[in-house]
Amino acid sequence: MSTLAHAVSDSMTMLRRNLKHALRYPTMTFSVVAMPVMMLLLFNYAFGGALGAGISGAPTGGGEYIDYVAPGIILMAATAGAVATAVGVCVDMTEGIVNRFRTMSISRVAFLTGHVVGSALQTLLAVALVIGVALAIGFRPDASPVEWIAAVGLLTLLILALTWLAAGMGLVAKTPESASNTPLPLTFLPFLGSAIVPTDSMPTGLRWFAEYQPFTPVIETLRGLLMGTEIGTSGYVAFAWCVGLTLVGYLWARSAFGRTAKR
């Protein structure tokens, strides 16, 4: 068997292991889904009237605030899986199972690849469920099939980027508790973008941060694809951010995993 085939086979084994863990202990997976769903319901029903009426230039207004906020909440669902990834990697590191893997004839990339792909699949499922809830409560996108494919592709790329970053966080965390706290800024950073309200409604300092942080162009691109709003250069910026974060996360996770082998 070639080196590549060996790595793919071991990665699939690790993927099955992580998916079985997710089915056996569904609490973390449930939390990945529950948080964005609660946010969606809260902002639509509790704050939708006030926030929607104040959004000028949005594709919808007033009682149809759901069409503005749903793409932002869908992106939040894409970020929610980072916590589960960091905790899962840290648990394996602290419980010693990785040391046992190192004594076996297992590809060195298989452990991280299994965690990342497994977490990405769970997060994509969470995104699909959030989209289903959004449609059930009034979200009405007008995207074509090609635009839906582009939106799913963008979300998948973002999920891979955040999952690799979270894997690195899990490797350097000392305890599962600290691993669960480290990715939290990633899950709440969309609030400081255009997920809930347009950036031009924010104070000057916060508006500058919101416009130049990585999640805002992703949100604007996703909103443009689903709702037909203007995308402009946001698509190129969002793609560049996702690719850059994926590369940084991958290199960081590989480096951190290599350093743990020397301890």
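1. Considerations on the overall build of the chain
Right, so step 1: Summing up its helical and strand segments, the chain has 12 helices and zero strands in all.
Right, so step 2: Helices (α) and strands (β) of the chain occur, in sequence order from the N terminus, as α-α-α-α-α-α-α-α-α-α-α-α.
Right, so step 3: The burial tally for the chain puts 47% of its 263 residues in the buried class.
Right, so step 4: When contacts within the chain are restricted to residue pairs at least 6 apart in sequence, long-range pairs at least 24 apart make up 81% of them.
Right, so step 5: Surface exposure of the chain reaches about 12600 Å², of which carbon and sulfur atoms provide 68%.

2. Quick look at the packing of aromatic side chains
Right, so step 1: Counted according to the given criterion, the structure contains five aromatic pairs.
Right, so step 2: Judged by centre distance (6.2 Å) and plane angle (25 degrees), the rings of Tyr 65 and Tyr 68 are stacked. By the burial criterion, Tyr 65 is buried, and Tyr 68 matches it.
Right, so step 3: Taken together, a centroid distance of 5.9 Å and an interplanar angle of 20 degrees make the contact between Phe 188 and Phe 191 stacked.
Right, so step 4: With a relative accessible area of 41%, Phe 188 lands in the partly exposed category.
Right, so step 5: An aromatic cluster is built from Phe 43, Phe 188 and Phe 191, whose rings are joined through pairwise contacts.
Right, so step 6: One Lys or Arg, Arg 223, reaches over the ring of Tyr 68 and ends 3.8 Å from the middle of that ring.

3. With respect to the side chain of Thr 163
Right, so step 1: Topologically, Thr 163 is positioned in helix H7 (residues 145–172).
Right, so step 2: Residues contacting Thr 163, with those up to four places away along its chain left out, are Thr 85, Val 116, Ser 119 and Ala 120.

4. Details of the pattern of salt bridges
Close approach of charged atoms allows side chains with opposite charge to pair.
Right, so step 1: Following the criterion strictly, the structure yields one salt bridge and no others.
Right, so step 2: Salt-bridge contacts for Glu 220 lead to Arg 223; the nearest nitrogen and oxygen are separated by 3.0 Å. With Glu 220 and Arg 223 both in helix H11 (residues 215–227), this residue pair falls three residues apart, about one helical turn.
Right, so step 3: Take Glu 220: its relative accessible area is 22%, and that puts it in the partly exposed class.

5. Here we look at a nonpolar patch on the surface
Right, so step 1: Together, Leu 192, Leu 206, Trp 208, Phe 209 and Tyr 212 make up an exposed nonpolar region whose accessible area comes to about 530 Å².
Right, so step 2: Residue placement: Trp 208 occurs in helix H10 (residues 204–212).
Right, so step 3: Here Trp 208 falls in the exposed class, since its relative accessible area comes to 57%.

What counts and how
- Residues numbered from 1 in each chain as written.
- Predicted model: local features only at pLDDT ≥ 70, side-chain atom pairs only at ≥ 80, totals over all residues.
- Heavy atoms only, no water.
- Helix = DSSP H or I, 4+ residues; strand = E, 2+ residues; numbered from the N terminus.
- Buried < 20%, exposed > 50% of the residue type's maximum accessible area, 1.4 Å probe, protein only.
- Contact = heavy atoms within 4.5 Å.
- Areas by Shrake-Rupley, 256 points an atom, 1.4 Å probe, with all protein chains shown as cover.
- Phe/Tyr/Trp six-rings, centres within 6.5 Å; stacked < 30°, edge-to-face > 60°.
- Lys NZ or Arg CZ within 6 Å of the ring centre and 35° of its normal.
- Salt bridge = Lys/Arg side-chain N within 4 Å of Asp/Glu carboxyl O.
- Patch = residues over 30% accessible without salt bridge, like charges linked within 9 Å, V, L, I, M, F, W, Y side chains within 5 Å.

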